[in-house]
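Residue-level listing of the chains:
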Amino acid sequence: MAKQQVPVNKNETIHLTFEDLTHEGNGVGKINGYPLFVPNALPGEEATVKVVKANKNFGFGKLLELNKISPERIEPVCHVHCNGCGLQHMSYNLQLGMKMNQVKNAMKKVAHLEHVPVHPILGMDEPLHYRNKVQIPVGEKNGELITGFYQKRSHHIIENTETCVTHNEVINDVVKTVRDIANRLVIKAYNEQAHKGVLRHIMVRTGEETKDIMVVIVTRTDKLPNKDELIKELTETYPHIKSIMHNVNNKRTNVILGNKTNLLWGDEYIHDKIGDITFAISAKSFYQVNPSQTKVLYDKALEYAKIDNDDVVIDAYCGIGTISLFLAQNAKKVYGVEVVPEAISDAKKNAKLNGITNAEFVVGKAEKVMPWWTAQGLKPDVIVVDPPRKGCDEELLNAMIEMKPKRIVYVSCNPSTLARDLRILEDGGYGTKEVQPVDMFPQTNHIESVALIERVL
Ligand code: SAH
């Protein structure tokens, strides 16, 4: 954009035509090339907008009235303004298109890899009620416990909003039941400001295939009052409950789970199955939240990895060994590395559970363990990485380049860091062959992709 004066003023009412979407799903309209970002507006729409912020290079607006409506606009199933499902006003097709464009944009603008094919995103047939895990804050109103999501950009709980349309139905029901039982047993809610009270969060996790249920009660106090009654009522209500845990978080923090997790009833883990492999999952371990799409994602990762019986494989950021155990079925040996000790202990348990003897798991930071493996003489044929949103540590990317595997499969939950890391791998002698986005989080702006990278030098 050529240097120019900001063409709008704060509080001005303007007419705007929308042509694009930001990565958060806000509409983008331009006035003389100056972009304004407006929540809840879609490409092709025209609207009366109030300018709420006019920065030097871009501004923000509030939708006052839609004058032309996009055929891709649909009535949201849920009208709660939490921080969650911000794309519900878009048809699912538009959501999928928007996510794919973002992957393409990142490939072009960040990685300078516009020639690499980005395949059409793999979506769900029914893009609702997919989540297998929730963590719902508990508050109090007029002496009664309330549960629900926080209002956008605040810690104000919106009452009775625990039943989100992305959660599976069982989870919604269990959260309400735990709250109602706790209410009857007069367990007090945690008060964030005063750092007093007991019950902070209710976490529920389910196994899609097994129907197992885990409940984690998170409290500030070491003691959970009336716990025996709570256990009795819960287990009588839900025959599928396999695990009730008590997590203690006595810190003033936004982090949900504290360091101490005690078993209240049943096992310390629940089971689920993806494909032919059974997984034991404990309270603190990462496990993908959309089970049916997880299968789609892992199948693609496996296809890209093209493992044969002679291959030695590393699965970095392996969590509870989900991808590792899939790979181990075809490989000579798989090494997994993960920073959370509980997850590695689950991974080892999972290998045993499935009779898999060619997988080895190590606790540690992937970026530290990989150079150590290299020093030990480990030469992987294929490396799979599945890092958190911030992407791979540069040390890890360099370690991979040094290890010279013939193939790298990169599973990513953030297209920008994926593209940034692909650039580094490209400069280190690797070529990106293709990228497959998978919609793991319908109704939200999160984007998952798998990239296939091969050694060229
Ligand atoms: N591949 C697994 C987990 C992916 S999520 C699955 O599909 O289930 C990313 C994982 O990376 C989390 O389990 C997190 O605990 C782990 N992690 C985060 N930073 C790490 C690091 N520096 N080294 C190793 N693991 C890390």
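Quick note: structure is the one above.
Residues numbered from 1 in each chain as written. Predicted model: local features only at pLDDT ≥ 70, side-chain atom pairs only at ≥ 80, totals over all residues. Heavy atoms only, no water.

A word on the site of the ligand
The line we're drawing: Near, as used in this document, describes a residue that has one of its heavy atoms within 4 Å of the molecule or strand being considered. Under this definition, polar contacts are N or O atom pairs within 3.5 Å; protein pairs additionally need one hydrogen-donor-capable and one acceptor-capable atom, and for neighbouring residues in sequence, both atoms have to be side-chain atoms. Accessible areas in this description were obtained via Shrake-Rupley with a 1.4 Å probe; residue shielding takes into account the shown protein chains only. Strands here are runs of E lasting at least two residues and helices are runs of H or I lasting at least four, both read from the DSSP assignment and numbered beginning at the N terminus. Three residue categories are used. Nonpolar comprises Ala, Val, Leu, Ile, Met, Phe, Trp, Tyr, Cys and Pro, charged comprises Asp, Glu, Lys and Arg, and polar comprises the others, including Gly.
Lining the immediate surroundings of the ligand are 17 residues, of which Tyr298, Thr322, Glu338, Ala366 and Asp386 lie closest. A distance of 2.8 Å is found between a nitrogen atom of the ligand and a backbone nitrogen or oxygen belonging to alanine 366. Contacts to the ligand include glutamate 367, whose side-chain N or O atom sits 3.1 Å from a nitrogen atom. In the complex, the protein chains occlude 88% of the 580 Å² of accessible area that the ligand would expose alone. The set of elements that each furnish at least two residues to the shell around the ligand consists of α5 (322–328) and α7 (366–375). When the residues that make up the shell around the ligand are grouped by side-chain class, the tally is 9 nonpolar, 4 polar and 4 charged.

Some thoughts on the side chain of aspartate 346
Rule in force here: Whether two residues are in contact is decided by their heavy atoms, any of which lying within 4.5 Å being enough.
Structurally, the position occupied by aspartate 346 is in helix α6 (residues 341–353). The contact partners of aspartate 346, leaving out residues within four places of it in the chain, are Ala280, Ile281, Ser282, Ser285 and Ile320.

Quick look at the sheet that holds strand β17 (residues 382–385)
Here is the rule: Any two strands are treated as partners once DSSP identifies two or more bridges connecting them. Axis lines are fitted to C-alpha atoms, over the contacting stretch for helices. Their N-to-C directions set the angle, which ranges from 0 to 180 degrees.
Taken together, 7 strands build an open sheet; the order of strands is β16-β15-β14-β17-β18-β20-β19 and the sheet is mixed. The open sheet is flanked by β16 (359–363) and β19 (430–438), the only strands paired with a single partner. Sheet twist, expressed as the average angle between the axes of neighbouring strands with direction ignored, equals 15 degrees. Running at roughly 145 degrees to strand β15 (residues 333–338), α7 makes contact with β14 (312–316), β15, β16 and β17 of the sheet.

Focus: the packing of helix α8 (residues 394–403) against helix α9 (residues 415–427)
Rule in force here: Note on convention: the crossing is left-handed when the near helix lies turned anticlockwise from the far helix by less than a right angle, right-handed when the turn is clockwise.
Axis separation between α8 and α9 bottoms out at 10 Å; the angle between their running directions is 35 degrees. Considering how the two elements wind past one another, α8 and α9 form a crossing that is right-handed. In this structure, α8 contributes Glu394, Leu397, Met400 and Ile401 to the contact, and α9 contributes Asp421, Ile424 and Leu425. Of the residues that constitute the contact of α8 with α9, the class distribution is 5 nonpolar, no polar and 2 charged.

So, unusual backbone geometry
Look at tyrosine 317: it is not a glycine, yet its phi comes out positive at around 65 degrees. Position of tyrosine 317 relative to the elements: it lies in the loop between β14 and α5. In this structure, lysine 404 takes a positive phi of about 55 degrees despite not being glycine. By the secondary structure assignment, lysine 404 is in the loop between α8 and β18 (407–412).

Quick notes on the packing of aromatic side chains
For any two aromatic rings, the description comes down to two numbers: the centre-to-centre distance and the angle of the planes. As a reminder of what qualifies: Classification of ring pairs uses Phe, Tyr and Trp, with its six-membered ring standing for Trp, and accepts pairs whose centres are within 6.5 Å; under 30 degrees between planes counts as stacked, over 60 as edge-to-face, and the remaining range as tilted.
Inspection of the entire model under this criterion finds 6 aromatic pairs. An aromatic cluster is present here, built from Phe37, Phe58 and Phe60 joined pairwise through their rings.

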